[in-house]
Amino acid sequence: MRQGLPDWLKTALPQTAAAPATIARTAREQVETLGLPGLRDEEWRWTNIRAIQRGNFSAPAGVGADIEPAIRLPLDNPLRLRFIDGVFQGVPNDAPEGLTLTALADADEATRQAAFSPKPAPSVENPNDALVTLNTAMAREGVVIDVAANATIERPIVIEWLDGATESVMSHPRVLVRLGQSANATVVEHIETVGDQPAWRNSVIVSTIAANAALTHIALGLDGASRLATERSFASLERDARYHSYNVQLGGQMIRREYDIHVGGSGAHTDLIGLMMPRGKQVLDTHTRITHAAADTTSNEHYRTIADDAGRGIFKGRILIEEDAQRIEAYQSSNNLILSDNAEIDAKPELEIYADDVSCSHGATIGRLDQEALFYLRTRGVPLAEARGLLIAGFAQEVIDEIPLVELRDWLSIRLEERLGEQDLAGHETE
């Protein structure tokens, strides 16, 4: 059941947006009529957006470019695309050959049409897509990333989402990533809170990956007790294309990330790998949908959640095998660790198959720390807090080890150790 738009959001709806006029006008009408998703909607029954409804957020008036992230990623000479409270700070002037960067506001009509017409196309009639429609109605800021055919961009392209710089702001940025045939690139989302103000970012990334091209997409939600984010990523794959997604979420008041992957060309493959670590009263939620629309395609999905204190982790993964999409291999697993009696994890894997020549599996596990392993470490003289930390780190490390950038992988391992060291692990009772 939809919730009506709060008054502050109705007032904020713009008369013009970055989307082509017809698309933006239709989206605005749909948002005003149908509102936002609520707990009675199946896709949102575990994720309460009350904090957004009551937020009274305003659009940012514009933020100067002098704000720097407090966290520096250990990447060699990255190309930085910075958004401060959703306001794009401009295109760098040192893009390598084969890469074209364009502010969304400067893009031509055809490019803006592509940015606001993802595949598979969202439907406002589906409550799951209401926030995408809101983004379409309100997006003014964004960037277009074009990688030419046969180009390999060695430098990582880092999208810096710096939220909370100004008081009670919302943003609805849109990013378009297009890889030409046989192109290769890595996009890293650096998500960080740079102030203590409440902020809500409702962002959408649309990626199109041509034949034999490969896109590596790494999302790092690094902190932010007050940050609210509803993030959506669309990716469409042509013949023999590759999409590798790594999603690490370590903080945020309420963070919902969604992935819609359309595997539309034979020989295409996608990986969706993720780690969520909610603590305090944080809610970290990931929904994934993979559609196998062509024969001889493959996918691999592996998510892990570690919930502590009163934190809540949510994972829902759906794999759809369309009719006549034969010889499909699709695997999904969700492994989850609960560290506190007050923590909660909800996991729902789904398979929907309309073809008869497939090899698919899915499953979910939820449990506590292995008491035999904990006992073994204690008998070897390892203190309780350290023993717990070793087991938790080992559980999370299996996801971090999948990240292909060695320097980033090593840095995340150290950051994980520091985070576990900050927690009062010894204060948890053992079973």
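Our structure is the block above this text.
Residues numbered from 1 in each chain as written. Predicted model: local features only at pLDDT ≥ 70, side-chain atom pairs only at ≥ 80, totals over all residues. Heavy atoms only, no water.

## Details of the overall build of the protein chain
Heads up, the condition is: Labels follow the DSSP assignment, with helices taken as runs of H or I lasting at least four residues and strands as runs of E lasting at least two, numbered in each case from the N terminus. What the globule rule says is 2.2 Å times the number of residues to the power 0.38, and the radius of gyration is computed from C-alpha atoms. Remark: exposure states derive from per-residue accessible area (1.4 Å probe, protein chains only) relative to the maximum for the residue type, with buried under 20%, exposed over 50%, and partly exposed in between. The contact rule is simple, with two residues in contact once any of their heavy atoms fall within 4.5 Å. Where accessible areas are quoted, they stem from the Shrake-Rupley method and a 1.4 Å probe; at the residue level, only the protein chains shown are allowed to cover.
Counting its secondary structure elements, the protein chain contains eight helices and 20 strands. Compactness check: the protein chain gives a C-alpha radius of gyration of 21 Å against a globular reference of 22 Å for 431 residues, within 12% of the reference. Across the 431 residues that make up the protein chain, the buried fraction comes to 58%. Across the protein chain, contacts joining residues at least 24 apart in sequence account for 86% of those joining residues at least 6 apart. Summing over all exposed atoms, the protein chain offers an accessible surface of approximately 17100 Å²; the carbon and sulfur share of this is 45%.

## Some points on the packing of helix H2 (residues 21-34) against helix H5 (residues 130-138)
So the rule is basically this: Fitted lines through C-alpha atoms serve as axes, helices being fitted only where they are in contact, and the angles separating the N-to-C directions of these axes extend from 0 to 180 degrees. If an angle is under 35 degrees, it is roughly parallel; if it is over 145, roughly antiparallel; if it lies from 65 to 115, roughly perpendicular; otherwise it is oblique. A clockwise turn of the near helix away from the far one marks a right-handed crossing, whereas an anticlockwise turn of less than a right angle marks a left-handed crossing.
H5 packs onto H2 with a crossing angle of 130° between their chain directions and a minimal axis gap of 8 Å. On the basis of their axis angle, the class for H2 and H5 is oblique. Between H2 and H5 lies a crossing of left-handed hand. Between H2 and H5, the residues in contact are Ile23, Ala24, Ala27, Arg28, Gln30 and Val31 and Thr133, Leu134, Thr136 and Ala137, respectively.

## Quick word on the sheet that holds strand S2 (residues 87-88)
For clarity, the cut-off: Any two strands are treated as partners once DSSP identifies two or more bridges connecting them.
Strand order in the open sheet formed by 10 strands is S2-S1-S5-S8-S10-S12-S14-S16-S18-S20, and the pairing between neighbours is mixed. Each edge of the sheet is formed by a strand with only one pairing partner; in this case those strands are S2 and strand S20 (358-367). Looking at chain direction, strand S5 (residues 157-163) and strand S8 (residues 184-193) are connected through seven bridges and run parallel. Note on S8: the bridge partner recorded for Val158 is Val188. Lying over the sheet, helix H7 (residues 384-400) contacts strand S14 (269-276), strand S16 (298-307) and strand S18 (328-338), oriented at roughly 155° with respect to S16.

## Structural notes on a negative patch on the surface
Note the following rule: Patch membership requires over 30% relative accessible area and the absence of a salt bridge. Like charges are linked within 9 Å, and nonpolar side chains (Val, Leu, Ile, Met, Phe, Trp, Tyr) within 5 Å. Think of a salt bridge as a Lys or Arg side-chain nitrogen and an Asp or Glu carboxyl oxygen that are within 4 Å of each other. Only four residue types enter the tally: Lys and Arg on the positive side, Asp and Glu on the negative side; His and the chain ends are excluded. By convention, the charge on Lys lies at NZ, on Arg at CZ, on Asp at CG and on Glu at CD.
A cluster of like negative charges, contributed by Glu323, Asp324, Asp356 and Asp357, occupies part of the molecular surface. Structurally, Glu323 is set in the loop between strand S17 (312-321) and S18. Here Glu323 falls in the exposed class, since its relative accessible area comes to 60%.

## Here we look at the nonpolar core
What counts here: For this analysis, a nonpolar core means a set of buried residues of the types Ala, Val, Leu, Ile, Met, Phe, Trp, Tyr and Cys, connected via side-chain atoms within 4.5 Å.
Grouped together as the largest cluster of nonpolar side chains are 43 residues, with contacts concentrated most on Ile145, Val175, Tyr243 and Ile261. By residue number, the principal contributor to this core is strand S13 (residues 254-263), which donates four residues. In contact with Ile145, other than residues within four places in its own chain, are Leu81, Leu99, Thr100, Leu101, Ile157, Ile159, Val175, Leu176, Val177 and Arg178. Leu75, Leu220, Leu408 and Leu416 belong to the second largest nonpolar core, which has 31 residues in total.

## Some remarks on the environment of Arg256
Position of Arg256 relative to the elements: it lies in strand S13. On the basis of relative accessibility, which here comes to 0%, the residue Arg256 falls in the buried class.

## Observations regarding the pairing of strand S3 (residues 99-103)
Alternating residues of S3 divide into Leu99, Leu101 and Ala103, all buried, and Thr100 and Thr102, none buried. Here S3 runs beside strand S4 (residues 142-147); their pairing, made up of five bridges, is antiparallel. Looking at S4, one finds that Thr102 is bridged to Val144.

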